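Inside the fold
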Amino acid sequence: MSETPRQIALREWDDAYERLRAAGVPQPAYGGPLGRHVAEGDTRLRKLRFDNSLAALRLWDFLLTEEDRLQLARDAGKKLVGTMKDLGTVPVMASSLDNLVAFYPDGAWWIPCVMEVNSGLLQIADSLGIDESFCPVRAMLGAFVTGAHFPIPDLLTCSVGATCDDFSAIAQRLNGLGYPILWWEIPHRRVPEDNEGGVQLPGGFRAPASLVRFVRSELERIRLALEKLSGRVIDEGTLSRGIAKANHIRRLLAELRQAAFTATPCPIPALEMLIAEMLAIHFCSDQEETIAVLQDLLDEVNRRVAAGTGYGTADTARMFWVDPVADLQVMNLLEDCGGRICGTEYLFAHALDPIPTDVPPMEALARMALADPMVGSATDRAARIKAEIRRFGAEAVIVSRIPGASHCALEGEIIGEIVRAECGLPVLEIEVPPLTDAVSPSLRTRLEALVETVVNRRSR
Amino acid sequence: MKTIVYTCPYVPAEWIAAHGLQPRRLIPRPVEGTATIPQIEGLCPYARAFANDVAASEDVDGVVVTTMCDQMRRIFDLLVRRINVPVFLLNVPSTWQTVTARQLYLGELERFGRFLVRLGGCAPDREKLTQEIRRYSVNKELTDLYPALYPSQLPPGPLSWVWQQTFQSMGGGSERDLEGTRRVPIGVIGGPLMERDQVLFRVILECGGQIAFDGTETGDRTIRSLDDRYLSSDPLVNLARAYFHIPDPSRRPNSEFYQWLREKLASHSARGLVLHHYVWCDKWHAEFERIKEWIKLPMLRLDSEGRGEMDSPRVRNRIHAFMEALR
């Protein structure tokens, strides 16, 4: 579809879909009008605005049909691995074998948003003692109890140690309900001391070789569990092929990010970019299709860049966004307020960096796991954010706190302090609950004020 | 002698002392005036109070915090930036069932030792460490170990015991209250207690309870008594083993804590449990319902913002009602 880029509402997409279908435009097997998901309860879609490209439609359809895909995989005799918290490492291992499918039960954190709190998941979490003082990922508990949002996995893994307390506590509650969990340790990343061997990690940080060895040994336990589950051996060749596929996805995303964050006008909206980036973590349970979806999106973006079409103008305020939003609608809101995304750090930067291929695969995965922004210090996160701000030319930073998340209490303070001092940029810290309708006016005012600040600073 | 401040129970005081330095387990007090860390939504009051108390203290030569909770891990980031005292982050694994996790902890203690040497401590030989372990172990003077926790006018011992003694000195017996009715044995569990919130034990006593056991982070759950068995081979290895197995709900899985609780409940015939935690303490908060389901005993959850609520009429009324229901 070569229409001028614009954001359209769900109803308009459904009408457009009918026209496309009638015209014989090929659709993937999971394709269909987005409106059908509303009938299944995803009512938030009615309030979002979507990019009008076919590539974006495919992206949304792919995202919203993951549950069906998991069920199909199980029906086909594949084993399901629920990988919790590590955001990008274990799925690379699991995806190396074609009879395993990995997914993140953590993804349930968006269900209260997408279903506008009508799923009852938060109420179930409440009844289990996990109330609103916890991160919205508590919806995962309800999803396990109801079994209505994803099939119960055959194996559950969870990384703990240098992770957020919310998730660790919620996962332990899940374990207490009778779901066995293979816990693996991800220690706090620190810099090597004098006379202590150091290892370069993806993303530019260094860690002691002993810490990398430790993580590698933890991942060996995961490998054994996956082998037992699949009945197959994950040898170096198998793992290397899995890493190569993951790196293919990361390369596509790198190109996409470069174009999306630097081209003027902006070739793709913030919301679709958020969804696209998320694919790097979990491949939406289908690595091959992830590659096809992202390639489609990249082709569309490249077409738009070449044609000079897109969203906003050269005057649009360039924002760097820190942490994912619990309510997807906020990404639309940013654009309404005159902003665009020029750089992101959604807590999984390690899932975007290329996995090293010049070292044995388990070593490479251990290095990648240790590069996780969550396991390092907020100062490390700030360093990475600073580098990306310079790379993409952002003019302000938005830190969107996740309600109740243990890391959000202090991270914003430190990141804000460093970015203000060393980049001289304004920083806005907001909190985004799963549904922002009630706070939307104040959020809008704050985002508009930030945009105004950015514009005023240009004229100084 | 240089003073090293910590609050997490996974920091072995013996190890600090063996380096010729003074360990001080800091139980935070409210700090008046300018705070190093302001009040922030979502921030654990204990973690904040610890950081502010450390920053306000003039007699601190080093600080050690651990990774046992995410908030304290992040407090490390802020302390490094905002105070002029060396700070060390001790990596305590959440998992405990693998040899590698135990080795990681041991390695961290060795790294901590090097930090202490950089601060002016002396790397201890086996004899020195053994000596310190003995000093802190058999019939140890807890006032040495926890000077902030045990005011000089009170006898040494776990807090629950301290308050029992206090109560007896007020004229009450441990089994009977002033009206002669039988007291209700209660277990107290939870995270650390700030200094002014330790009044909780007195309030329980005054409401007709008897502290059956003190399972708070500053109580006997976390106090390691190392006898001579631990000195037979490498004392550091054995010290690490003892501290590594402190039962705590933050471990994954946290079955060691439940095993400890089962033993305590059985041996002390507690008829109810009081769980205290500070707001935003996810690990204790999340455990409440599970413990309640598991022990099948009445439980009372008290959360506080660290503003001295434990002595408030509201908390007193809740504890009183809880005791009445158990009588």
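Residues numbered from 1 in each chain as written. Chains lettered and ligands numbered in written order. Predicted model: local features only at pLDDT ≥ 70, side-chain atom pairs only at ≥ 80, totals over all residues. Heavy atoms only, no water.

A word on the overall build of chain B
Along chain B, the regular secondary structure elements total 12 helices and 8 strands. The buried share of chain B, reckoned over its 327 residues, is 62%. When contacts within chain B are restricted to residue pairs at least 6 apart in sequence, those whose partners lie at least 24 apart make up 70%. (Helix = DSSP H or I, 4+ residues; strand = E, 2+ residues; numbered from the N terminus. Buried < 20%, exposed > 50% of the residue type's maximum accessible area, 1.4 Å probe, protein only. Contact = heavy atoms within 4.5 Å.)

Here's the deal with the confidence of the model for chain B
Residues and elements named next belong to chain B. Mean pLDDT over chain B: 87, with 84% of residues reaching 70 or higher. Every residue in residues 139–158 is under pLDDT 50, and counting partners more than four places away or in other chains gives 45 contacts. Every residue in residues 170–179 scores below 50 in pLDDT, and together they form 23 contacts with partners more than four places removed in sequence or on other chains. (pLDDT = per-residue confidence, 0-100.)

Focus: the nonpolar core
Grouped together as the largest cluster of nonpolar side chains are 228 residues, with contacts concentrated most on A:W60, A:W321, A:L328, A:L365 and B:I319. Setting aside residues up to four positions removed in sequence, A:W60 forms contacts with A:L34, A:L45, A:L48, A:F50, A:L271, A:E272, A:I275 and A:L328. B:A18, B:V64, B:A101 and B:L239 belong to the second largest nonpolar core, which has 35 residues in total. (Core = buried A, V, L, I, M, F, W, Y, C linked by side-chain atoms within 4.5 Å.)

Overview of the sheet that holds strand β5 (residues 155–161) of chain A
Residues and elements named next belong to chain A. Read across the sheet, 4 strands follow the order β4-β3-β5-β6 without closing on themselves; strand pairing throughout is parallel. In this open sheet, the two strands that pair with only one neighbour each are β4 (100–103) and β6 (182–186). In this sheet, adjacent strand axes meet at a mean angle of 25° when their direction is disregarded. Two elements, strand β3 (residues 79–84) and β4, share 4 bridges in a ladder whose sense is parallel. In the sheet register, V81 faces β4, and the bridge partner there is A102. (Pairing = 2+ DSSP bridges. Axes fitted to C-alpha atoms, helices over the stretch in contact; angles between N-to-C directions.)

Let's talk about the sheet that holds strand β10 (residues 339–345) of chain A
Residue and element names in this part refer to chain A. Overall, parallel pairing links the 4 strands, which are arranged β10-β9-β11-β12 in an open sheet. Unpaired on one side and paired on the other, β10 and β12 (427–431) mark the two borders of the sheet. Neighbouring strand axes in the sheet, compared pairwise and without regard to direction, differ in orientation by 30° on average. When strand β9 (residues 317–322) meets β10, the two strands line up parallel, connected through 5 bridges. Among the inter-strand pairings, M319 is bridged to a residue of β10, identified as I341.

Focus: the packing of helix α4 (residues 99–118) of chain B against helix α9 (residues 235–244) of chain B
All names here are of chain B. Between α4 and α9, the least distance of the axes is 10 Å, while the angle of their chain directions is 115°. Read as a crossing pair, α4 and α9 show a hand that is right-handed. For the pair α4 and α9, contact is made by A101, R102, Y105, L106, L109 and E110 and by L236, V237, A240, Y243 and F244, respectively. Of the residues in the contact of α4 with α9, the class split is 9 nonpolar, no polar and 2 charged. (Left-handed = near helix turned anticlockwise from the far one by under 90°. Nonpolar A, V, L, I, M, F, W, Y, C, P; charged D, E, K, R; others polar.)

Some remarks on the domain arrangement of chain B
Residue and element names in this part refer to chain B. Considered domain by domain, chain B is made up of domain 1 (3–138) and domain 2 (159–223 + 247–326). For domain 1 versus domain 2, the separation of C-alpha centres amounts to 26 Å. Contacts between the two partners involve 24 residues from domain 1 and, on the opposite side, 25 residues from domain 2. Here domain 1 meets domain 2 over a buried area of about 2000 Å², counting both sides, of which 57% is carbon and sulfur. Counting the surface domain 1 buries against domain 2, the share from its top three residues, P45, Y46 and W96, is 29%. (Domains from an automatic or database assignment. Buried area = accessible area lost by both parts, 1.4 Å probe.)

Things to note about the interface of chain A and chain B
Think of interface size as the accessible area that goes away when the parts come together; that is how it is often given. Tallying the contact residues gives 49 residues for chain A and 45 residues for chain B. Carbon and sulfur atoms supply 51% of the area that chain A and chain B bury against each other, a total of about 3800 Å² over both sides. Between the two partners, chain A and chain B, sit 8 salt bridges. If you look at where chain A meets chain B, you find 26 residue pairs in polar contact (both at pLDDT 80 or more). Breaking the side of chain A that touches chain B down by element, the ones donating at least two residues are β5, α9 (165–176), β6, α10 (209–230), α16 (378–392) and α17 (408–423) of chain A. At 8 residues, the largest contribution of residues to the side of chain A that touches chain B is made by α9(A). Classifying every residue of the side of chain A that touches chain B by side-chain character gives 19 nonpolar, 17 polar and 13 charged. (Salt bridge = Lys/Arg side-chain N within 4 Å of Asp/Glu carboxyl O. Polar contact = N/O pair within 3.5 Å; in protein donor to acceptor, adjacent residues only side chain to side chain.)

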